[in-house]
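For reference, the chains in residue letters:
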Amino acid sequence: MMEMEAQGTPWLDQPVMLHSSRADKCKLTEAQCLYRNYRWRYWYQADHVYALSTVYFMCAVIGVFTISHLLIRLTPNRVKRNRSWRWFTSVSRYLSYRGYRVPALRYWSPALGVMILGAVGAVFFFAMTLGPKPYYWPTDASYGSSPPIATRSGWMALALLPFVLALSTKANMISGVTGIPHEKLQVFHHWTSYAMFVLALVHTFPYIIYHIRKGDMVHQWKTSVVYWTGVASLISQTYLTLMSLSCIRNRFYEFFKATHIFVAVVFVIFFFLHCDFRLSSWDYFIASGVIYFLSLIASHIRTYLVHGIHNATLELLPSGLVRVSVPSIIKWTPGQHVFVRFLTSDLHLLTAHPFTISSACRNPDEIGKASRIIFYIKPRDGVTGRLRAMAAKNPGCTKKILIEGPYGGVSEPHMAQFDTILVIAGGSGGGFSLAMVDEALRLTGVDSPASEKRAPSRRNLQVVFSTRDHAMADWYIEEIESRLSESTILSADSDNGFQTAVSVHVTDQQVSEVPSTSESGEVKGTAGKMPPAEITTTGSFSLNVHRYARPDLPGLVAHTVEMAHIQGMHLEKKQRVGVLVCGPASMLHDTRNAAALAQARVFRGELEELYLHSEPFV
């Protein structure tokens, strides 16, 4: 990418154009010209050969998922019941759920399918970088100052820029066409960024080697703006890459968040100057700008003009959580999250923070008032710590906020079709589970589509919550009881009601009190709280509190699936099972793998569907 000498201003060649010329006169011998002008070596067509190939590869991958998304949405239900579709669904979900763990590194891998896709990408880039020969020009003639390996790696790195930026935004086009929420695409944002960084290194070092061998490295550095703009962009790219590593990002999240955008802007500016309109290089910056700013504009229009300013009430709970309540007419589905920007200078006015919604959306016309978006926030450092201090100092205080979203979640039609729902949560993921319970109770009695009518039966809702904190367990017991006891949508004898079982696991070992069980089966709760063994609301409800033991998640998923299979045989109707989980990485890993293994039941025709929705938290 470095055939042209810098001249004119120290920033860009003059006159500034959109594209540089492809005119070429080869002064070598005929054989040497044929060698130099070969498709995989020719500098003046390198953007078409390598950059466009990268664009085609990325678009092909997106296209596969787009077609899959359209097939899922448009295929009739009668087709989805046949064996071929069941095989396709169970295999794809196995690949989507199955993960691996490296205990020594405390590392939980992405899903198997994600890793396979990453491996396909790695093969493509390695093949395109290392496959064509030579890496450096022969010394029998002056073929050019740009080593071939540096040329092709530079163009591929540039071609990745639009995709890196598209995958970084929340309201992005890729999510729109594939149906994959932005948070699930973040792994690909990271991986394309890493690929771009490696390609940038491969692009850089051959120049250093070439000019050191030639003996003019110092002269090039002093006289050519190309080199220092390249180094400036590489330094900023190195910062972005290293700081985005999870082990570093999670530890210095607030600092990373505060500096990420600024350094990214510095990187793009110097990268732009470095390319200096060579061939079609600026086309990729134009595409990047259009994609990024359209996404940004779309999200800002929804945030500022559609949603507007909201009032958030803060309350510090005895459990240590901060409860944020926001009256709103925004519509959302269970498990969705929003990005909240607090309009006060002491809460990082310029940054938005993601929170999972812990309440179900109600129709304002039915309840006679605005529905409430509720967050339960576990305070840490930074903004959440300051929220805790505010709520403690001034209980019930109100802050003005902006809401961007909602994103992700489980669709309402899908939730309504499950015969069995298993909700698993850990720690501050309890808020996620409460939203799922709210939604299940709200949908109790809602008829499925005519094509999905089930035989009259009581559906099953099982909730498992695990925490080390006794105060957190008390909070959860109180919240779940309140939700179930206040639900008056259906009477206890409704055919479409949920038979509900809640298990609360307190894993803290530092407790002197020994749990006791009464003759009626009631188990003493945490901190002396005595939850009732059964409450009648929309169906039978049982609550059990377990001390000193973690829930056996693989066994729990397997048992839930087995019971659904038995119920399906009894009703002569295959069951749909939904597994919804939010918690730490280990909890997600165990649940995902159990759900992956259970896909064999779908493949064999024992279940109609087993669906998993997982949501991590840091």
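Our subject is the structure that appears above.
In this text the structure is predicted, and so the values were computed from the model without any measurement. (Residues numbered from 1 in each chain as written. Predicted model: local features only at pLDDT ≥ 70, side-chain atom pairs only at ≥ 80, totals over all residues. Heavy atoms only, no water.)

Enquirer: How should the overall build of the protein chain be read in this particular structure?
Expert: When you go through the protein chain residue by residue, the secondary structure sums to 20 helices and 15 strands. Each of the 618 residues in the protein chain was classed as buried or not, and the buried ones make up 50%. Summed over all atoms, the accessible surface of the protein chain reaches about 29200 Å², with 61% contributed by carbon and sulfur. (Helix = DSSP H or I, 4+ residues; strand = E, 2+ residues; numbered from the N terminus. Buried < 20%, exposed > 50% of the residue type's maximum accessible area, 1.4 Å probe, protein only. Areas by Shrake-Rupley, 256 points an atom, 1.4 Å probe, with all protein chains shown as cover.)

Enquirer: I'm lost on the environment of Ser20 in this one. Help?
Expert: By the secondary structure assignment, Ser20 is in the segment before helix 1 (30-36). According to the relative accessible area criterion, Ser20 is buried, its value standing at 8%. Along the primary structure Ser20 and Ser281 are separated by 261 residues, whereas in three dimensions their C-alpha atoms are 9.0 Å apart. Within the local environment of Ser20, its side chain forms a polar contact with the backbone nitrogen of Leu279, the two atoms lying 2.5 Å apart. (Polar contact = N/O pair within 3.5 Å; in protein donor to acceptor, adjacent residues only side chain to side chain.)

Enquirer: Where do I start with a positive patch on the surface in this structure?
Expert: On the surface, a cluster of positive charge is contributed by Lys378, Arg380, Arg468 and Arg550. As for its placement among the helices and strands, Arg550 is situated in the loop between strand 13 (540-547) and helix 19 (553-571). For Arg550, a relative accessible area of 63% puts it in the exposed group. (Patch = residues over 30% accessible without salt bridge, like charges linked within 9 Å, V, L, I, M, F, W, Y side chains within 5 Å. Salt bridge = Lys/Arg side-chain N within 4 Å of Asp/Glu carboxyl O. Lys, Arg positive; Asp, Glu negative; His and termini not counted. Charge placed at Lys NZ, Arg CZ, Asp CG, Glu CD.)

Enquirer: Before we go on, may I ask you to explain the side chain of Ser295 in this structure?
Expert: Locating Ser295 in the fold gives a position in helix 13 (residues 281-307). Separated by 3.0 Å, the side chain of Ser295 and the backbone oxygen of Ile291 make a polar contact. In contact with Ser295, other than residues within four places in its own chain, are Thr169, Ala171, Asn172 and Met173. (Contact = heavy atoms within 4.5 Å.)

Enquirer: Could you clarify how one ought to interpret the pattern of salt bridges in this entry?
Expert: Where charged atoms from two side chains of opposite charge approach closely, those side chains can pair. Per the stated rule, a full pass over the model turns up nine salt bridges. Close ionic contact of Arg483 with Asp438 constitutes a salt bridge, the shortest N to O distance being 3.2 Å. Placement of Arg483 in helix 18 (residues 470-486) and of Asp438 in helix 17 (residues 430-442) is noted, with a sequence separation of 45 residues between them. We classify Arg483 as buried; its relative accessible area is 12%. Exposure remark for Asp438: the relative accessible area of 9% places this residue in the buried category. Three or more residues joined by partner-sharing salt bridges are found here, namely Glu562, Arg601, Arg604 and Glu606.

Enquirer: Sorry if this is basic, but what is going on with the packing of helix 2 (residues 46-74) against helix 5 (residues 112-130) here?
Expert: When two helices pack together, their arrangement is given by the angle between their axes and by how far apart the axes lie. For the pair helix 2 and helix 5, the least separation of the axes is 11 Å and the interaxial angle reads 165°. Comparing the axis directions of helix 2 and helix 5 gives the class roughly antiparallel. Of the two possible hands of crossing, helix 2 and helix 5 adopt the one that is right-handed. Counting all contacts with helix 2, which are made through Val49, Tyr50, Ser53, Thr54, Phe57, Val61 and Phe65, the residues of helix 5 involved are Leu117, Val120, Gly121, Phe124, Phe125 and Met128. Across the contact of helix 2 with helix 5, the residue classes break down as 10 nonpolar, three polar and no charged. (Axes fitted to C-alpha atoms, helices over the stretch in contact; angles between N-to-C directions. Parallel < 35°, antiparallel > 145°, perpendicular 65-115°, else oblique. Left-handed = near helix turned anticlockwise from the far one by under 90°. Nonpolar A, V, L, I, M, F, W, Y, C, P; charged D, E, K, R; others polar.)

Enquirer: Mind showing me how you'd approach the pairing of strand 8 (residues 398-408) here?
Expert: Each regular strand displays side chains that alternate between the two surfaces of the sheet. In terms of strand pairing, strand 3 (residues 309-316) meets strand 8 through five bridges, oriented antiparallel. Following the sheet pairing, Ala312 is matched in strand 8 by Lys399. Note that strand 5 (residues 336-342) and strand 8 share six bridges and pair antiparallel. Bridging from a neighbouring strand, Val340 pairs with Ile403 of strand 8. (Pairing = 2+ DSSP bridges.)

Enquirer: Whenever I open this one, the sheet that holds strand 7 (residues 371-377) confuses me. Can you help?
Expert: By way of backbone hydrogen bonds, the strands of a sheet pair with one another, either parallel or antiparallel. Strand order in the open sheet made by the six strands is 6-5-8-3-4-7, with antiparallel pairing throughout. Since the sheet does not close on itself, it has two edges, and those belong to strand 6 (353-356) and strand 7, each with one partner. Across the sheet, the axes of successive neighbouring strands diverge by a mean angle of 40°, strand direction being ignored. Examined bridge by bridge, strand 3 and strand 4 (residues 322-328) share four bridges and lie antiparallel to one another. Looking at the pairing, Leu316 lines up with Val322 of strand 4.

Enquirer: Sorry, what's going on with the nonpolar core here?
Expert: In summary, soluble globular proteins display a tendency toward joint burial of nonpolar side chains. Within the largest apolar cluster, 59 residues are counted, with the highest numbers of intra-cluster contacts made by Ile421, Tyr476, Val504, Leu580 and Leu610. In this view, Leu610 contacts Arg93, Tyr97, Val561, Val577, Val579, Ala595, Ala598, Gln599 and Val602; residues no more than four positions away in its chain are not counted. In terms of nonpolar packing, the next biggest core, distinct from the first, is built from 46 residues, Ile62, Ala111, Val187 and Phe285 among them. (Core = buried A, V, L, I, M, F, W, Y, C linked by side-chain atoms within 4.5 Å.)

Enquirer: Looking at this structure, how should I read helix 12 (residues 253-275)?
Expert: Since the α-helix packs 3.6 residues into each turn, any two residues three or four apart lie on the same face. Taking 1.5 Å per residue as the helical rise, helix 12 with its 23 residues ought to reach 33 Å, and the 32 Å between its terminal C-alpha atoms agrees with that figure. Of all bends in helix 12, the biggest is about 40°, found at His260. Those residues of helix 12 not exposed but buried are Phe256, Thr259, Val263, Phe267, Phe271, Leu273, His274 and Cys275. Looking at the packing, one finds that the buried side of helix 12 touches helix 6 (148-168), helix 8 (182-214), helix 10 (225-243), helix 11 (246-249) and helix 13. Just downstream of helix 12, Asp276 is the residue with a positive phi angle, here 50°. (Expected span 1.5 Å × (residues − 1). Bend = angle between axes of the 7 residues up to and from the residue.)

None of the figures reported here should be taken as evidence of function without further support.
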